[in-house]
Structure formats: structure tokens, C-alpha cells
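Given next are the chains, with one letter for each unit.
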Amino acid sequence: MCGIFGIYPHKEAAKITYLGLYALQHRGEESAGIVTHNGSKPHIHKALGLVSEVFDKKAISSLKGDLAIGHVRYSTTGSSTLKNAQPFYVKTKNCHIAIAHNGNIVNAFQLQRQLEDKGALFQTTMDSEVIAHLIAHSPKRDYQEAIPWALAQLKGAYSLVLMFNNILIGSRDPLGFRPLCLGKLGAAYVLASETCVFDLIGAQYVRDILPGETVFIQKDKIDSIRPVIKKDCGFCIFEYIYFARPDSNIFEENVYQTRKKLGQQLAREFPVKADIVMPVPDSGTCAALGYAQHLGISYEMGMMRNHYIGRTFIQPDQAQRDFRVKVKLNPVKPILKDKKVVVIEDSIVRGTTSKVRIKTIREAGAKEVHMRVSCPPLISPCFYGIDFPTKKELIAAKHSIDWIRDFIGADSLEYLSKEGMLEAMPLPKDKFCTACFDGKYLIEPPKKISKYILE
Ligand code: AMP
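Residues numbered from 1 in each chain as written. Predicted model: local features only at pLDDT ≥ 70, side-chain atom pairs only at ≥ 80, totals over all residues. Heavy atoms only, no water.

**Observations concerning the pairing of strand β5 (residues 88–91)**
(1) Moving on: Relative to strand β6 (residues 96–105), β5 runs antiparallel, the two being bridged by four bridges. Bridging from a neighbouring strand, tyrosine 89 pairs with alanine 98 of β6.
(2) Moving on: Once β5 ends, the chain turns through four residues before running back antiparallel as β6. (Pairing = 2+ DSSP bridges. Helix = DSSP H or I, 4+ residues; strand = E, 2+ residues; numbered from the N terminus.)

**Let's talk about the site of the ligand**
(1) Moving on: The ligand sits among 19 residues. The nearest are Asp346, Val349, Arg350, Gly351 and Thr353.
(2) Moving on: Between the ligand and the protein, one listed contact pairs an oxygen atom with a backbone N or O atom of valine 349 at 2.7 Å.
(3) Moving on: Separating an oxygen atom of the ligand from a backbone N or O atom of arginine 350 is a distance of 2.7 Å.
(4) Moving on: Looking at which element gives the most residues to the shell around the ligand, the answer is helix α13 (residues 352–363), with four residues. (Near = heavy atom within 4 Å. Polar contact = N/O pair within 3.5 Å; in protein donor to acceptor, adjacent residues only side chain to side chain.)

**Some words on the environment of histidine 96**
(1) Moving on: Structurally, histidine 96 is set in strand β6.
(2) Moving on: With a relative accessible area of 12%, histidine 96 lands in the buried category.
(3) Moving on: Placed 239 residues apart in sequence, histidine 96 and isoleucine 335 show a C-alpha to C-alpha distance of 57 Å.
(4) Moving on: When sequence neighbours within four positions are dropped, the list of residues in contact with histidine 96 reads His37, Ser40, Lys41, Pro42, Tyr89, Val90, Lys91, Met163, Phe164 and Asn165. (Buried < 20%, exposed > 50% of the residue type's maximum accessible area, 1.4 Å probe, protein only. Contact = heavy atoms within 4.5 Å.)

**Section: the layout of surface pockets**
(1) Moving on: Its volume calculated, the second largest pocket comes out at about 380 Å³.
(2) Moving on: If you trace the second largest pocket, you find 20 residues lining it, with Leu151, Leu154, Tyr158, Pro174 and Val228 closest to the centre.
(3) Moving on: Considering every element that reaches the lining of the second largest pocket, the biggest residue donor is helix α6 (residues 143–152), with three residues.
(4) Moving on: Per-class residue counts for the lining of the second largest pocket are 11 nonpolar, four polar and five charged. (1 Å grid on protein atoms, 1.4 Å probe; cavity = no way out; pocket = protein on both sides within 12 Å on 5 of 7 lines; lining within 4 Å. Points joined across faces, edges and corners; volume = space filled by probe spheres on them. Nonpolar A, V, L, I, M, F, W, Y, C, P; charged D, E, K, R; others polar.)

**Considering the side chain of glutamine 265**
(1) Moving on: Its location among the elements puts glutamine 265 in helix α9 (residues 255–269).
(2) Moving on: Sequence-distant contacts of glutamine 265, defined by excluding residues within four places in its chain, comprise Leu416, Gly420 and Glu423.

**Description of the nonpolar core**
(1) Moving on: Of all hydrophobic cores here, the largest spans 73 residues; its most connected members are Met371, Tyr384 and Phe437.
(2) Moving on: Counting residues per element, this core draws most heavily on helix α8 (residues 237–243), which supplies five residues.
(3) Moving on: Setting aside anything within four residues of it in sequence, one finds tyrosine 384 in contact with Gly103, Asn104, Val106, Ala157, Phe177, Arg178, Cys433, Tyr441, Leu442 and Ile443. (Core = buried A, V, L, I, M, F, W, Y, C linked by side-chain atoms within 4.5 Å.)

**Brief notes about a nonpolar patch on the surface**
(1) Moving on: On the surface, Leu19, Tyr22 and Leu200 cluster together to form a nonpolar patch covering roughly 270 Å² of accessible area.
(2) Moving on: Position of leucine 200 among the secondary structure elements: in helix α7 (residues 196–201). (Patch = residues over 30% accessible without salt bridge, like charges linked within 9 Å, V, L, I, M, F, W, Y side chains within 5 Å. Areas by Shrake-Rupley, 256 points an atom, 1.4 Å probe, with all protein chains shown as cover. Salt bridge = Lys/Arg side-chain N within 4 Å of Asp/Glu carboxyl O.)

**What about the confidence of the model for the chain?**
Close inspection of predicted coordinates is inappropriate in any region flagged by low pLDDT.
(1) Moving on: Of the residues in the chain, 95% have a pLDDT of 70 or more, and the chain-wide mean is 93.
(2) Moving on: Confidence drops under a pLDDT of 50 for residues 449–455, and excluding neighbours within four residues, the segment shows 27 contacts in the predicted structure. (pLDDT = per-residue confidence, 0-100.)

**A word on empty space enclosed by the protein**
(1) Moving on: Following the criterion strictly, the structure yields two cavities of 30 Å³ or more and no others.
(2) Moving on: Of the volumes computed, that of the largest cavity is approximately 80 Å³.
(3) Moving on: Of the residues contributing to the lining of the largest cavity, the split by class is 11 nonpolar, one polar and one charged.

**Quick look at the packing of aromatic side chains**
(1) Moving on: One pass over the structure, following the stated rule, counts 14 aromatic pairs.
(2) Moving on: Judged by centre distance (5.5 Å) and plane angle (85 degrees), the rings of tyrosine 18 and tyrosine 22 are edge-to-face. Of this pair, tyrosine 18 and tyrosine 22 both sit in helix α1 (residues 13–23), four residues apart, which is roughly one turn of that helix.
(3) Moving on: Ring geometry for tyrosine 18 versus phenylalanine 55: centroids 6.0 Å apart, planes at 75 degrees, classification edge-to-face. Taken as a pair, tyrosine 18 in helix α1 and phenylalanine 55 in the loop between α2 (51–54) and α3 (57–61) lie far apart in primary sequence, 37 residues in all. Residues tyrosine 18 and phenylalanine 55 agree in their burial class; the two are buried.
(4) Moving on: By way of ring pairs, the aromatic residues Phe177, Phe383, Tyr384 and Tyr441 are connected into one cluster.
(5) Moving on: Just above the ring of tyrosine 189 sits the side chain of lysine 184; from NZ or CZ to the centre is 4.6 Å.
(6) Moving on: Directly above the ring of phenylalanine 407 sits lysine 355, whose terminal nitrogen or CZ lies 4.4 Å from the centroid. (Phe/Tyr/Trp six-rings, centres within 6.5 Å; stacked < 30°, edge-to-face > 60°. Lys NZ or Arg CZ within 6 Å of the ring centre and 35° of its normal.)

**Quick notes on the pattern of salt bridges**
(1) Moving on: Tallying each qualifying case throughout the model produces 18 salt bridges.
(2) Moving on: Where salt bridges share partners, they join Arg27, Arg178, Glu194 and Glu239 into one cluster.

**Some details on the state of the cysteines**
(1) Moving on: With the rule as written, the count across this model stands at zero disulfides.
(2) Moving on: Free of any disulfide, cysteine 382 has its nearest neighbouring cysteine sulfur in cysteine 236, separated by 6.1 Å.
(3) Moving on: You can call cysteine 382 buried: its relative accessible area is 16%.
(4) Moving on: Cysteine cysteine 433 shares no disulfide, and the gap to the nearest cysteine sulfur, in cysteine 382, comes to 6.5 Å. (Disulfide = S-S within 2.5 Å.)

**Let's talk about the sheet that holds strand β4 (residues 67–73)**
(1) Moving on: The strand order β3-β2-β4-β1-β10-β9-β11 describes an open sheet built from seven strands, whose pairing is antiparallel. Of all strands in the sheet, those bounded by a partner on one side alone are β3 (42–48) and β11 (204–208). Taken over all neighbouring pairs, the strand axes of this sheet differ in orientation by 15 degrees on average, direction set aside.
(2) Moving on: Alignment of strand β2 (residues 31–37) against β4, held across seven bridges, turns out to be antiparallel. Residue threonine 36 lies in a different strand from β4, and its bridge partner there is alanine 68.
(3) Moving on: The strands touched by α1 within the sheet are β1 (2–8), β2, β4 and β9 (181–185), with β4 carrying the most contacts at an inclination of about 25 degrees. (Axes fitted to C-alpha atoms, helices over the stretch in contact; angles between N-to-C directions.)

**Remarks on the sheet that holds β6**
(1) Moving on: If you trace the six strands from one edge of the open sheet to the other, you get β5-β6-β7-β8-β12-β13, paired in antiparallel fashion. Looking at the sheet topology across the chains shown, the edges are occupied by β5 and β13 (221–225). Taking the axes of each pair of neighbouring strands and ignoring which way they run, one obtains an average angle of 20 degrees across the sheet.
(2) Moving on: Together, β7 (156–164), β8 (167–172), β12 (214–218) and β13 form the strand contacts of α6, whose direction differs from that of β12 by roughly 150 degrees.

As C-alpha cells, then:
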């Protein structure tokens, strides 16, 4: 779970990258960073925190150059430390390399061992660092050969934005797990995880980078290679369910409309004769709209979300255990009082926040609380870039739906079927990775589960 961005050539590259990262903030709140290149040397600024906390005017004006790449991070491998903030930058004998990565390299551990045997010294605990070492160790000297050579060693999920001296590179793994889009802003090319970025910076969407494709962007031209063309695709279905912003197009299709369809399908499968339908904001909002419209039940915002809880939020010393959840969502009591409520949640991971939310809705006076979830039960961890915990932390991997209903305290609980979810998708079902719902991994998971790079 990360957001990546790149632009070249643009005289305000750093400023535009800052805006791009702002639009991608939902993809990672742990750290943010920008690396620029001014033709001779790179400039770097990165820190832990939200984009607005990491950058100020001074930091942005220190980032000189017309090429920039940026990253917002939500860690899936490696801990959340400044050392692990991206873009990851190294200088080798011949070049400056900076990498912004979204995804997980499944064979990173083995690659790291092989590279260390050849004398590589690793600076971080991120799987992304192996990519830089592979490029540096490539037997090919020309970047157009060295980079494909390095990428060919990787197994797993990667959407990448790379700076190689003053060349901007975008690449997607052969199954295309994570999104990456290409846009144009005047004479500059732009790479971004999601199309909502292009709306904010005024760029035109050109196309998606294709699975297995690498593009090389230079001052006056763009070249593309696609050394591997696979029959299969592994588009992450969870981007549509939870992760991407609803105003984005992912894999060329709109997220908002897809989420609404998930809600409509959920209404077909598990209707409730209720007084109101409400979402768990913000992630359940579009599915709840689809659910309510399909059944002709009024849609209400029974809870309001506080959007301003940054990393630096200070809890009172004697805070109750659920204080953080409470500060994030507050019920609208007159809307809920004496009502039979259907709550739409996009997904249940550990079940702990759902439990607190249902308790809050009941305390606000709701008569009955029925939860409907707009995806099937999550039963297997993700090894391709979504932070799903180990199997034992996934509540649906261990327990029945009835058990979960009692645990979260709902009057009823139903999940959308896998068939229903695929039916609601805007693309054919064989395009998607659904491993978190069925354990069918398209690339064999690593032997050592999660956090597999040496800490
Ligand atoms: P839980 O209480 O663990 O079941 O959390 C469920 C909530 O977490 C839902 O509202 C989801 O929108 C959200 N969610 C889903 N996937 C993730 C994820 N990988 N990381 C963080 N939150 C998530």
C-alpha cells in the first residue's frame, strides 16, 4: 500500500510532485518523500508523517530540477522508520538511482542474500532496496538493458517509478497487480498510481502502463518496452473494494461506480427491510449508496468522520482502549435513534473496529443494527502489497460468519459472495487476483511470512 508519482520535464517538478502526493495520501500515511534531479545531481527530502507535515515551502524550493519522483508509504515489509522512507536513493559509480515502489517483492529475501554474498551492503529493511542493488549489479551497462535485466530477477508485485540520472522510468510487473497510469501535463510526462492525481494537477490521462511494460521518459521522447507479455493478469481486486480513491479510474475503470455496483449486488443477495442505510465512512460510502438505492431505503450519514487525525494526535493519558476509533467517527444521534439500521462496511479485517462502531451505533439509540459487507470474508494474507495481517489475525480465517456476528455485536451479518463481487467488477473475472478471498496465489508466497526482509 503506497502511492507513487513521477514527472519530467517540468520546471516546477517538485511542486507538482507535492500536489500529486497530496492526492495519493490515502495510499500511505507513514512517510512521504521527493527526489529531484537537476541534470547534474539529485536533491532529496523525506520524513515520517503526512505530506502536509513533511513538506513546507522551504523544503520544496530546495528540491531543484525538472525531474521529480515521489512516494507516500504504508509499510508492508520493513518497519516504519525514516531509513525506510522512500524514494530510496543510491549513488553508484556511474549513476544516481532513486526508486518509488508500490507492491511487494516476493523473492526479496533470496535476492538480498545473493546480493550480500556478492558484497552488497543493505541500508534499509525494505524489499524495494533489492531493485537498486540489482540495477547496480547488472552485467549490462546501458540503462535500457540494465533495468529490464534487474526487473527480470523480481518475483512479485511492483509498480515502480524510477529516476536513473536524468531519465524517468515507469514499470509494472508482468501480472500488473498494482496500478500505474501515464499522463501528460504540457510537454511533461506524468506517472501516478491513480488518475485522481491528474485531475488535481490539471494533467491529461494518456493510458495505463501495461502489465510487464517499462517506459523510459527523456526530455524529448518516451520509449516503451514490454519484454514479458503474460496471458494472465493479477489486478488487485481490493483496489476497487477499499484502497483506491472513488474519483480515480483504476485499471481503466471508475472506482466509485464499481463500489456502487458492489452495494447493489449486496442488496440483491442480502436485503434488509430497514429504516435507514448508512455507511461506515468513508470506505463504505459508495457501496452503501448502491445498496440503499437498489432497495429504495433512505440513505443517511449516521456517523461523521473527523479527517484531521495526523500522526501527532495526542491521546489523553487515561484514554479508553477505543479512544482512537471514537475520535475518528462520531454518531449523529437523532438520525439513529429508534431506527432499524443497515450499516455497510467495505471489509472486515480483524473485526475490532466493527465491534466498536456497532456498540457506538447502539449507544446512539439504534433499535437494530444489521451489518452488510461489500466483499467476501478475508481469509488469506496478501503478499502483493496490501497490509493484511497473518492468517491468524484475519477474523474470517478462523471463525464462522455467525461467530463474527456475535463478536461484533450485530443483529445480523452478511458478506457479499465471491461470485457477486466478480459480477460487480467492470472487467472480466480472470483479470483479477482474489487471493485474499480464496487463497489462490498467482505467485507462490515467500516461505517466511511477512516482514521477511531482515529487520
Ligand atoms: P477491522 O476492525 O480490523 O476489521 O478493520 C476494518 C476496517 O479497516 C474497514 O473499515 C476497512 O475499510 C479498513 N481496512 C481494510 N483493509 C485495510 C488495510 N489493509 N489496512 C487498514 N485498514 C483496512
